[in-house]
Amino acid sequence: MNRFVIRALVSLCALCGVTANSSAQDAKPAAAPPHAAILKDAKSYTGLMTVHQKGQSLFIEMGPAEYNNEFIVLISIAKGIGQTPLLGGYSWGFGDDWVWSFRKIDDKVHVIRRNVRFRASKGTPEATAVGNAYTDSILFSLPIVAAGPRGGDLVDFTPVFMGDLPQISQVLSGFVFARDRSNWSAIKAFKDNVELQVAATYASGGQAEIDTVADTRGVTVNVHYSISRIPQTAYQPRLADDRVGYFLTVVKDFSKQSDRDQFVRYVNRWHLEKPPGAGEGPTPPKQPVIFWIEKTVPFKYRAAVRDGIAEWNKAFEAAGWINAIEVRQQPDNAEWDPEDIN
């Protein structure tokens, strides 16, 4: 009976033109997802964002965590030209902090620099007026090239960083960003921040004379971008006092009731909190401000750097804080990266 069944099946297959191996031969391998070809041979970095570098291109996978948050972007000069303001180690940008958000519009992602200068209380007529009167700045409209490996939107961020985003050409008169002579110097991704560094070359006709540059037809400046999510904390802003000088952050608040002006001036200060059960007298903070001295600092300077930072504790003691600042030395055998904001 079993032989009859097998023979019957073989005969039926023969009538249909199908051999025992035909299904395996006819089966086609599943097509690779589009991102496989786009990211072939790319280097991937996973942290706050998932970043993929392929040659001079940079792709970031965007999802709800990116679309529903605000990020602070800090720019600095990692390697300069020995001329002010392009000096290695200098922060770049002397206006508002760069606060970015990302918005998906059809098959594009907009990179938005938020306008942090004006505000009003939510739900008020003033808030509607502020929304109608002032706008954020859309810096880039970037293509979504495919669905990413993790299911998000794979976005080509190359135009953002492989260009003159910091507008260095405004201080290098007669120079333009040369993309064909620029490259990625470093890319790092940590849990709460992403660090990007571009060796950005600016080209000119060579007529300019800069004593510290070998040939002004090509000037390279390493630009460092630090991107981190703005954290939600219990920080309470403190209003400035006219009797004492501070560095300030100023906002125009249209909900403010004042006969003088509608500007609100906040002190730029550290986030220090009293520990639970602390009395009225001087106390150590719940969490001190910690400065790390990198292991790259030469041995002969470390003590002076430490003492200079710790000197600020005298001022904090007068304000009611004990040991508000701690100075720690990164061990010379440490493997952790000081660019990790944690």
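Above this note sits the structure.
Because the structure is predicted, anything quoted here is derived from the model rather than measured.

Thresholds applied
Residues numbered from 1 in each chain as written. Predicted model: local features only at pLDDT ≥ 70, side-chain atom pairs only at ≥ 80, totals over all residues. Heavy atoms only, no water. Helix = DSSP H or I, 4+ residues; strand = E, 2+ residues; numbered from the N terminus. Rg over C-alpha atoms; globule rule 2.2 N^0.38 Å. Buried < 20%, exposed > 50% of the residue type's maximum accessible area, 1.4 Å probe, protein only. Contact = heavy atoms within 4.5 Å. Areas by Shrake-Rupley, 256 points an atom, 1.4 Å probe, with all protein chains shown as cover. Lys, Arg positive; Asp, Glu negative; His and termini not counted. Charge placed at Lys NZ, Arg CZ, Asp CG, Glu CD. Pairing = 2+ DSSP bridges.

Novice: Just to check I follow, could you spell out the overall build of the protein chain for this structure?
Specialist: In terms of helices and strands, the protein chain carries eight helices and 18 strands. Its C-alpha atoms give the protein chain a radius of gyration of 29 Å, more than 25% over the compact-globule value 20 Å for 342 residues. Projected onto the principal axes, the alpha-carbon positions of the protein chain cover approximately 105 × 60 × 55 Å. Taken over 342 residues, the protein chain has a buried fraction of 32%. Counting contacts in the protein chain only where the partners sit at least 6 residues apart, residues at least 24 apart contribute 61% of the total. Counting only carbon and sulfur atoms, one obtains 53% of the accessible surface of the protein chain, whose full area is about 21700 Å². On the protein chain, the mean spot of the 37 positive side-chain charges and the mean spot of the 37 negative ones are 5 Å from each other.

Novice: Honestly, the sheet that holds strand E16 (residues 263-267) in this entry has me stumped. Any pointers?
Specialist: Within a sheet, adjacent strands bond to each other through the backbone by hydrogen bonds, running parallel or antiparallel. If you trace the three strands from one edge of the open sheet to the other, you get E8-E15-E16, paired in mixed fashion. Two strands in the sheet have a free side with no partner beyond their single neighbour: strand E8 (118-119) and E16. Direction of pairing for strand E15 (residues 248-253) relative to E16: antiparallel, over a ladder of five bridges. Of the residues in E16, the one forming a bridge with Val251 is Val264.

Novice: Would you take a moment to explain the environment of Pro231 for this structure?
Specialist: Inspection of the secondary structure puts Pro231 in the loop between strand E14 (218-229) and E15. Note on Pro231: relative accessible area 60%, which makes it exposed. C-alpha of Pro231 to C-alpha of Thr283: the two residues are 52 residues apart in sequence and 26 Å apart in space.

Novice: Explain the environment of Gly205 here, please?
Specialist: As for its placement among the helices and strands, Gly205 is situated in the loop between strand E13 (193-203) and E14. C-alpha of Gly205 to C-alpha of Gly218: the two residues are 13 residues apart in sequence and 9.0 Å apart in space.

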